[in-house]
Amino acid sequence: MNDVYTAELPELNARPAPKGLRMAAIITGLLGFVLFMATPFLPVTQTQSSFEWPREDSLNSVTAPLISVTPEEIDAKIPVTAVDMLREGQDLLYGTVPPESEEASNRGMFVRAGEDGLSVISLDEVVLSLSAEQVSQLNDDDVLTINAVEDGTTVSVGDFSEESEDDLRPQVVGVFTEIEDTPENLTELSGAGLNVHVEINSRFTSSPTTVKLIAMIGGVIMMLAALVCIARMDRLDGKKISFMPATWKQVRPLDGVVAAILGFWHIFGSNTSDDGFILTMGRVKEHSTYMANYYRWYGVPEAPFGTPYYDLVAFLSNISATSVFMRIPTLIAAILTWFILSREILPRFGPVINDRRVAHWTAAFMFLAFWLPYNNGIRPEPIVAFGVIFTWASFERSIATSRMLPAAIGTIAATLTLTAGPTGLLAVGVFLVSLPALFNIFSRRKESAGG
């Protein structure tokens, strides 16, 4: 490969960069870096959410399955008279998860009342327990009060009160009760103070403040300005900046074979078992305003991973949820990946490899052998694969031509690839491996940069 690089190296006889250009490159680069580094630490505007029960003049159970993690606060008031309004054979006054769900007792909070007394249990810990005799001492106008926050949980009714300093806030997916839903019961309990207020942990429902938005837009503008400065400095020797070999426009029969197989597999091939779960995540975003992991972690987002690819999934799902349509980005990534492999990567192995037709056909079928079974879904791996190969090609081109613009674009590609999925760390690895060669280019180009 060294022979290939040496053949493409431009003569370093460029005129010194104008002082204004050097200063513009330094200032825009530093400002862009500072703005992007500051962005995660700048404030956001959070939308605080909550819900109340009873709802819509009904004592029936309600579900709220999109609530993420534990709530900020639960404040429940249940009149003692509700005990006499339970359905026959039932004892559940209030629950935060369905009592029949898996591991319900160590995930939720339950208030139960029966012949044995009254109990309040949260996360398998008994906060308050009254015997039948103690319950009989309560007055009809007494109200069971529950307050659960991060600093502790307090439960009181009549003259009985218990407090725990532990964080016993349960998982909340709604309000579940066996109180009989009748207009008479609703009127009586509402007048006695029946109410459940849940302050939802809605930290992920947010939007950037003006300062944060200015920082993000400013960072993008500075980045683009820095790229312009780098491009102008690359051209001080009077030669054009080449991103692909001169033969990149040639269409070969092998390209048609690869495209045909990819197109056929896009329609008739199997996709991944995770397609449905990622599609649901994308469709939920319309309501949650963020890309929640709908099936894991109680709706907590996977950010920073998945951005911006998952945002694209959410956008496409609002147009059509059909599999063929949703997987169009995957097909495009496959075609572009083969394009870079055949036009940029294979020539880097020199004429001994690149000039042999069998090498190109072997590369094509090895590419298809791995791509078809693993990358025909809407998971982010196809995008990561394209990002890695694009980053690799960018740094190869930079090293081969002593141009810094391809390396700068490759660095941006590496960061975007990492955000698409954890396996995008491969692209960052390409960046790190290329650093010594880039430092060598810096050293050799001091004169052209005005150093």
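Reading the values: rules and limits
Residues numbered from 1 in each chain as written. Predicted model: local features only at pLDDT ≥ 70, side-chain atom pairs only at ≥ 80, totals over all residues. Heavy atoms only, no water. Helix = DSSP H or I, 4+ residues; strand = E, 2+ residues; numbered from the N terminus. Rg over C-alpha atoms; globule rule 2.2 N^0.38 Å. Contact = heavy atoms within 4.5 Å. Areas by Shrake-Rupley, 256 points an atom, 1.4 Å probe, with all protein chains shown as cover. Lys, Arg positive; Asp, Glu negative; His and termini not counted. Charge placed at Lys NZ, Arg CZ, Asp CG, Glu CD. Pairing = 2+ DSSP bridges. Axes fitted to C-alpha atoms, helices over the stretch in contact; angles between N-to-C directions. Phe/Tyr/Trp six-rings, centres within 6.5 Å; stacked < 30°, edge-to-face > 60°. Buried < 20%, exposed > 50% of the residue type's maximum accessible area, 1.4 Å probe, protein only. Core = buried A, V, L, I, M, F, W, Y, C linked by side-chain atoms within 4.5 Å. Salt bridge = Lys/Arg side-chain N within 4 Å of Asp/Glu carboxyl O. Polar contact = N/O pair within 3.5 Å; in protein donor to acceptor, adjacent residues only side chain to side chain. Patch = residues over 30% accessible without salt bridge, like charges linked within 9 Å, V, L, I, M, F, W, Y side chains within 5 Å. Parallel < 35°, antiparallel > 145°, perpendicular 65-115°, else oblique. Left-handed = near helix turned anticlockwise from the far one by under 90°. Nonpolar A, V, L, I, M, F, W, Y, C, P; charged D, E, K, R; others polar. Expected span 1.5 Å × (residues − 1).

Engineer: Could you give an account of the overall build of the protein chain, with specific residues and numbers?
Structural biologist: Looking only at helices and strands, the protein chain has 15 helices and 14 strands in total. For 451 residues, the compact-globule estimate of 2.2 N^0.38 gives 22 Å, and the protein chain exceeds it by more than 25% at 31 Å. Across its three principal axes, the protein chain shows a C-alpha extent of roughly 95 × 55 × 35 Å. If you take every contact in the protein chain between residues at least 6 apart in sequence, the share linking residues at least 24 apart comes to 72%. Taken as a whole, the protein chain presents about 23,800 Å² of accessible surface, with 61% of it coming from carbon and sulfur. Taking the 31 positively charged and 50 negatively charged side chains of the protein chain as two groups, their mean positions are separated by 31 Å.

Engineer: Run through the sheet that holds strand β8 (residues 125–131), naming residues and quoting values.
Structural biologist: The sheet built from 4 strands is open, its strands ordered β5-β6-β7-β8 with antiparallel pairing. A strand with exactly one partner marks an edge of an open sheet, and here the two such strands are β5 (92–95) and β8. Adjacent strand axes in the sheet meet at a mean angle of 5 degrees, parallel and antiparallel pairs treated alike.

Engineer: Tell me what's going on with the packing of aromatic side chains, and back it up with residues and numbers.
Structural biologist: On inspection of all chains with the given rule, the structure shows 7 aromatic pairs. The interplanar angle of 45 degrees and the centroid separation of 5.9 Å between the aromatic rings of Phe386 and Phe390 together place this pair among those described as tilted. Linking Phe386 with Phe390, this pair stays in helix α13 (residues 381–401), spanning 4 residues, or about one helical turn. By relative accessible area, Phe390 is classed as partly exposed at 30%. A connected cluster of aromatic rings, assembled from ring pairs, spans Trp338, Phe367 and Trp371.

Engineer: I'd like a description of the sheet that holds strand β4 (residues 73–79), backed by residues and values.
Structural biologist: The strand order across the open sheet built from 6 strands is β2-β13-β4-β9-β10-β11, with neighbouring strands paired in antiparallel fashion. A strand with exactly one partner marks an edge of an open sheet, and here the two such strands are β2 (50–53) and β11 (160–164). Sheet twist, expressed as the average angle between the axes of neighbouring strands with direction ignored, equals 5 degrees. With 4 bridges joining them, β2 and strand β13 (residues 195–199) adopt antiparallel strand pairing. Bridge pairing in β13 places Ser50 opposite Glu199.

Engineer: Can you tell me about the pairing of β13, naming the residues and giving the values?
Structural biologist: Taken together, the 5 bridges between β4 and β13 define a ladder with antiparallel strand orientation. By the bridge assignment for β13, Ala76 is matched with Val196.

Engineer: Now, about the nonpolar core: what can you tell me, with residues and values included?
Structural biologist: Formed by 37 residues in total, the largest nonpolar core has its most connected members in Leu93, Tyr94, Val120, Leu144, Ile146, Val157 and Ile179. In this structure Ile179 touches Leu59, Ala82, Met85, Leu86, Arg87, Leu92, Leu93 and Leu189, once residues within four positions along its chain are discounted.

Engineer: Which residues make up the side chain of Arg327, and what values do they have?
Structural biologist: Note on placement: Arg327 falls in the loop between α9 (323–326) and α10 (328–345). Put simply, Arg327 is tucked away with no salt bridge, and the nearest opposite charge, on Asp275, sits 4.6 Å away. Only 3.2 Å separates the side chain of Arg327 from the side chain of Asn376, close enough to count as a polar contact. In contact with Arg327, not counting residues within four places along its chain, are His266, Asn271, Asp275, Asn376, Gly377 and Ile378.

Engineer: Can you explain the pairing of β4? Please cite residues and give values.
Structural biologist: Looking down a regular strand, the side chains alternate between one sheet face and the other. Direction of pairing for β4 relative to strand β9 (residues 143–149): antiparallel, over a ladder of 6 bridges. Paired with Pro79 across the strands is Val143, a residue of β9.

Engineer: Please set out a nonpolar patch on the surface residue by residue, giving values where relevant.
Structural biologist: A surface patch of nonpolar side chains, about 460 Å² in accessible area, is lined by Met23, Ile26, Ile27, Leu30 and Leu31. Within the secondary structure layout, Ile26 lies in helix α2 (residues 19–38).

Engineer: Would you mind going over the environment of Ile78 in detail, with residue names and values included?
Structural biologist: Relative to the helices and strands, Ile78 resides in strand β4. For Ile78, a relative accessible area of 2% gives the class buried. Taking C-alpha positions, Ile78 is 8.1 Å from Val196, a pair spaced 118 residues apart along the chain.

Engineer: Account for the pattern of salt bridges, naming residues and giving values.
Structural biologist: One pass over the structure, following the stated rule, counts 10 salt bridges. Between Asp255 and Arg343 there is a salt bridge, with its nearest N and O atoms 2.8 Å apart. Residue Asp255 is located in helix α6 (residues 253–268), and its partner Arg343 is located in helix α10; the two are separated by 88 residues in the primary sequence. Here Asp255 and Arg343 have matching classes, each one buried. Through salt bridges that share partners, Asp274, Arg379 and Glu381 make up one connected network.

Engineer: So, the environment of Arg403: which residues are in play, and what are the values?
Structural biologist: As for its placement among the helices and strands, Arg403 is situated in the loop between α13 and α14 (405–420). In this structure Arg403 comes out as buried when scored by relative accessible area, which is 5%. Sequence-wise, Arg403 and Phe442 are 39 residues apart; in three dimensions their C-alpha atoms are separated by 9.9 Å. Apart from residues lying up to four places away in sequence, Arg403 is in contact with Asp234, Arg235, Asp237, Lys239, Lys240, Ser398 and Arg445.

Engineer: With reference to specific residues and values, describe the packing of α10 against helix α12 (residues 357–374).
Structural biologist: The interhelical angle for the contact between α10 and α12, taken along N-to-C directions, is 155 degrees, at an axis separation of 11 Å. When the axes of α10 and α12 are compared, the pair comes out roughly antiparallel. Considering the relative orientation of α10 and α12, their crossing is right-handed. Residues Thr330, Ala333, Ala334, Thr337, Trp338, Leu341 and Ser342 of α10 touch α12, and the partners they reach there are His360, Ala363, Ala364, Phe367 and Trp371. Classifying every residue of the contact of α10 with α12 gives 8 nonpolar, 4 polar and no charged.

Engineer: Please set out α13 residue by residue, giving values where relevant.
Structural biologist: The end-to-end C-alpha distance of α13 is 30 Å, a good match for the 30 Å that 21 residues give at a rise of 1.5 Å each. At the C-terminal side of α13, Ser402 shows a positive phi close to 55 degrees.

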